[in-house]
Amino acid sequence: MNLLVLHGINLNMFGQRDPAQYGTATLADIDAALHQLAGELGAAVECFQTNHEGAMCERIHQAHRDGVAGVVINAGAWTHTSIAIRDALAILKCPIVEVHMSNIHAREPFRHQSFIAPIARGQICGFGVDSYLLGLRALTSQAQAAIKK
């Protein structure tokens, strides 16, 4: 089962950017934890990060062509601003789980709106790195169920 984890804009700065909000784990730390958990769950995971909206949309299109079994996405600020990424995700036929390191609902009002949430199976936020790991667990379960149908 091939899964994809998408990291959006500025997330390459984890570990350096606002540690009080996001912790000290780097993106490499997060990706390593995801690869380890995926192995335990019997899945393969690819992680992709970009600061370019078009590149994110292209990677989502490629996921559609490749027939990935599921996607975990932390779109960063694009969560609240990018209809383009939302529309690209809507093309996918697989489950999508939205994750955030911080609790977006306890932050500035503009962060409360997610363009991704209405097309995702669920949203996990506020648990730091565990948001990603919980998201991957949920996605694996959802993808397995979708494959059995």
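A. Structural context of the pattern of salt bridges. Taken as a whole, this structure holds two salt bridges when the rule is applied. A salt bridge links Arg 59 to Glu 46; its shortest N-O distance comes to 2.7 Å. Linking Arg 59 in helix H3 (residues 53-66) with Glu 46 in strand S2 (residues 44-49), this pair joins segments that are 13 residues apart in sequence. Of the charged contacts, one joins Arg 86 and Asp 87 as a salt bridge, the two residues approaching to 3.4 Å between their closest N and O atoms.

B. Layout of the packing of aromatic side chains. Per the stated rule, a full pass over the model turns up one aromatic pair. Geometrically, the ring pair formed by Phe 14 and Tyr 22 is tilted, given 5.8 Å between the ring centres and 50 degrees between the ring planes. The two residues Phe 14 and Tyr 22 agree in class, both being buried.

C. Broad picture of the layout of surface pockets. The computed volume of the largest pocket comes to approximately 150 Å³. In this structure, the largest pocket is lined by 16 residues; those nearest its centre are Tyr 22, Gly 76, Ala 77, Arg 107 and Arg 111. Considering only residue class, the lining of the largest pocket consists of seven nonpolar, six polar and three charged.

D. Geometry of the packing of H3 against helix H4 (residues 83-91). Contact pair H3 / H4: the axes reach a minimum separation of 9 Å and the direction vectors enclose 5 degrees. By the criterion of interaxial angle, the relationship of H3 to H4 is roughly parallel. In contact with Glu 53, Met 56, Cys 57, Ile 60, His 61 and His 64 of H3, H4 contributes Ala 84, Ile 85, Ala 88, Leu 89 and Ile 91.

E. Representation of the side chain of Ser 131 within the structure. One can find Ser 131 in helix H5 (residues 129-148). Within polar-contact distance, the side chain of Ser 131 engages the backbone nitrogen of Phe 127 at 3.0 Å. Once residues lying within four places of it in the same chain are set aside, the contact partners of Ser 131 are Val 99, His 100, Met 101, Ile 124, Cys 125 and Gly 126.

F. Examining the nonpolar core more closely. Leu 3, Phe 14, Ile 30, Val 72 and Tyr 132 are the most contacted members of the largest nonpolar core, which has 23 residues in total. Secondary structure elements with two or more residues in this core: strand S1 (2-7), helix H2 (27-41), strand S4 (96-100) and H5. In terms of residue count, the dominant contributor to this core is H2 (five residues). Excluding residues that lie within four positions of it along the chain, Leu 3 makes contacts with Ala 43, Ala 44, Val 45, Glu 46, Ala 69, Gly 70, Leu 136, Leu 139, Thr 140 and Ala 143. Formed by 20 residues, the second largest nonpolar core is a distinct cluster that contains Met 56, Ala 63, Val 71 and Ala 75.

G. How the structure looks around the environment of Ala 20. Note that Ala 20 resides in helix H1 (residues 19-22). On the accessibility criterion, Ala 20 (81% relative accessible area) is exposed. The spacing of Ala 20 and Arg 137 is 117 residues in sequence and 26 Å in space, taken between C-alpha atoms.

H. Main features of the pairing of S1. Counting buried positions along S1 yields five of six residues, so the element is predominantly enclosed. Looking at chain direction, S1 and S2 are connected through six bridges and run parallel. Considered in S2, the bridge of His 7 is made with Gln 49. Direction of pairing for S1 relative to strand S3 (residues 70-74): parallel, over a ladder of five bridges. Paired with Leu 3 across the two strands is Gly 70, which belongs to S3.

Procedures and definitions
- Residues numbered from 1 in each chain as written.
- Predicted model: local features only at pLDDT ≥ 70, side-chain atom pairs only at ≥ 80, totals over all residues.
- Heavy atoms only, no water.
- Salt bridge = Lys/Arg side-chain N within 4 Å of Asp/Glu carboxyl O.
- Helix = DSSP H or I, 4+ residues; strand = E, 2+ residues; numbered from the N terminus.
- Phe/Tyr/Trp six-rings, centres within 6.5 Å; stacked < 30°, edge-to-face > 60°.
- Buried < 20%, exposed > 50% of the residue type's maximum accessible area, 1.4 Å probe, protein only.
- 1 Å grid on protein atoms, 1.4 Å probe; cavity = no way out; pocket = protein on both sides within 12 Å on 5 of 7 lines; lining within 4 Å.
- Points joined across faces, edges and corners; volume = space filled by probe spheres on them.
- Nonpolar A, V, L, I, M, F, W, Y, C, P; charged D, E, K, R; others polar.
- Axes fitted to C-alpha atoms, helices over the stretch in contact; angles between N-to-C directions.
- Parallel < 35°, antiparallel > 145°, perpendicular 65-115°, else oblique.
- Contact = heavy atoms within 4.5 Å.
- Polar contact = N/O pair within 3.5 Å; in protein donor to acceptor, adjacent residues only side chain to side chain.
- Core = buried A, V, L, I, M, F, W, Y, C linked by side-chain atoms within 4.5 Å.
- Pairing = 2+ DSSP bridges.

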